[in-house]
Amino acid sequence: MKILVVEDEHLIANALKKGLEQEHYTVDLAFDGLDGYDLASSGDYDIVLLDLMLPKMDGMELCRQIRNQQIHVPILMLTAKSQLEDKIKGLNCGADDYLTKPFAFEELLARIRALGRRPQNTASEILTVGDLSINLSNYEVIRQKKIISLSNKEYSLLECLMRHANKILTKDQLIQRVWSYESDILPNTVEVYIRNLRQKIDKNYKVKLIKTVRGFGYKISE
Ligand code: CA
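As a starting point, this report considers the structure included with it.

Definitions and cut-offs
Residues numbered from 1 in each chain as written. Predicted model: local features only at pLDDT ≥ 70, side-chain atom pairs only at ≥ 80, totals over all residues. Heavy atoms only, no water. Phe/Tyr/Trp six-rings, centres within 6.5 Å; stacked < 30°, edge-to-face > 60°. Helix = DSSP H or I, 4+ residues; strand = E, 2+ residues; numbered from the N terminus. Buried < 20%, exposed > 50% of the residue type's maximum accessible area, 1.4 Å probe, protein only. Lys NZ or Arg CZ within 6 Å of the ring centre and 35° of its normal. Core = buried A, V, L, I, M, F, W, Y, C linked by side-chain atoms within 4.5 Å. Contact = heavy atoms within 4.5 Å. Donors = N, O, S within 2.8 Å, 3.2 Å for Na, K, Ca; no water. Pairing = 2+ DSSP bridges. Axes fitted to C-alpha atoms, helices over the stretch in contact; angles between N-to-C directions. Right-handed = clockwise from strand over helix to strand, strands pointing away. Polar contact = N/O pair within 3.5 Å; in protein donor to acceptor, adjacent residues only side chain to side chain.

### Here's the deal with the packing of aromatic side chains
Considering all chains together, one arrives at one aromatic pair under this definition. Ring centres of Y139 and Y155 lie 5.2 Å apart, and the angle between their planes is 85°; on these two criteria the pair is classed as edge-to-face. In this pair, Y139 sits in the loop between strand 7 (132-135) and strand 8 (140-143) while Y155 sits in helix 6 (residues 152-163), placing the two residues 16 residues apart along the sequence. Taking the relative accessible area as the measure of exposure, Y155 reaches 8% and is therefore buried. The positively charged end of K2 is found above the aromatic ring belonging to Y45, 5.1 Å away from the centroid.

Spelled out as structure tokens, the structure:
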């Protein structure tokens, strides 16, 4: 697994590289935001560890630009600040997780392993449940050869369910994953979106794919 570390403090960057290499990861370093952006844009990495405060381009902006390029590499934001606000901003700009400095190396490894396990959003990936498929690269949703058009949030919700096909997701989990930390999302909102989604992907078909698991949440399965 190949990791890009974007960190301007050479001591920290080199220590991370050394530690991660001992764990058999391949590590490249970038010491400022622009270099980091160039390397991350190559799409060559499995995970990017991104410092928040960087010369030339800060971590938040770098993250945003990477996502604008449709590069979906998992990004773990390293931040010296512990304020909740930074966490929220970090996640809104497209980071997958964050870690507050100073952190224990074991904690970093645990986060890297967790991110590495997440399904990769690679260029040609298609998720399928029964006769429904979604194409992660062009956001096309197809059921029985018919293209179904969804709103952004409906798509995100469907993608989340399909990434965890056959597994129950609670409303809280869906809120966290689909709406992340946007304000004022109530469990009720999930119900509304599930209802809309069903209208579009299930209503006109014999087999209903989205299941309500009473008292627990929802799942998608054949
Ligand atoms: Ca820094």
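### Some words on the nonpolar core
Grouped together as the largest cluster of nonpolar side chains are 28 residues, with contacts concentrated most on L158, L161 and I220. For this core, the element with the most residues is helix 6, which contributes six residues. Those residues in contact with I220, other than ones at most four positions away along the chain, are V129, L132, L158, L161, M162, A165, N166, I201, L209 and I210.

### As for the coordination of the calcium ion
Around the calcium ion, the protein contributes the donor atoms D8 (OD), D51 (OD) and M53 (O), which lie 2.0 to 2.3 Å from the metal centre. Mapped onto the sequence, the residues coordinating the calcium ion show the spacing D-x42-D-x1-M. A residue pair is termed long-range when its members are at least 10 positions apart, and D8 in the loop between strand 1 (2-6) and helix 1 (10-22) and M53 in the loop between strand 3 (47-51) and helix 3 (59-68) qualify at 45 residues. Residue D8 is classed as partly exposed on the basis of its relative accessible area of 25%.

### A look at the sheet that holds strand 7
Pairing is antiparallel in the open sheet, where four strands are placed in the order 6-7-8-9. Sheet topology places strand 6 (126-129) and strand 9 (146-148) at the edges, where each strand pairs with a single neighbour. Strand-to-strand twist of the sheet, defined as the mean angle between neighbouring strand axes without regard to direction, takes the value 25°. One ladder, built from three bridges, connects strand 8 with strand 9; its direction is antiparallel. Across the sheet, the residue bridging to V141 is I148, located in strand 9. In the packing of helix 6 onto the sheet, contacts are made with strand 6, strand 7 and strand 8, and the angle to strand 7 comes to roughly 110°.

### Notes on the sheet that holds strand 2 (residues 26-30)
Read across the open sheet, the five strands follow the order 2-1-3-4-5; overall the sheet is parallel. Strands with a single pairing partner mark the edges of an open sheet, and in this sheet they are strand 2 and strand 5 (97-100). Between one strand axis and the next, the sheet turns by 20° as a mean value, whatever way the strands run. Sheet strands in contact with helix 3 are strand 1, strand 3 and strand 4 (75-79), and its direction is about 170° off that of strand 4.

### Thoughts on the pairing of strand 1
Burial analysis of strand 1 places four of its five residues in the buried class, which makes it a mostly covered element. The sheet contact formed by strand 1 and strand 2 spans five bridges and is parallel. Opposite K2, over in strand 2, you have T26 as the bridge partner. Following the backbone out of strand 1, through helix 1 and into the adjacent parallel strand 2, one traces a crossover that is right-handed. Sheet analysis places strand 1 next to strand 3, joined by four bridges and oriented parallel. Of the residues in strand 3, the one forming a bridge with V6 is L50.

### With respect to the side chain of D32
Note that D32 resides in the loop between strand 2 and helix 2 (33-41). Residue class for D32 comes out buried when judged on its relative accessible area of 10%. Of note is the side chain of D32, whose polar atom sits 2.9 Å from the backbone nitrogen of D35. Filtering out sequence-adjacent residues up to four positions away, D32 remains in contact with V6, P55 and K56.

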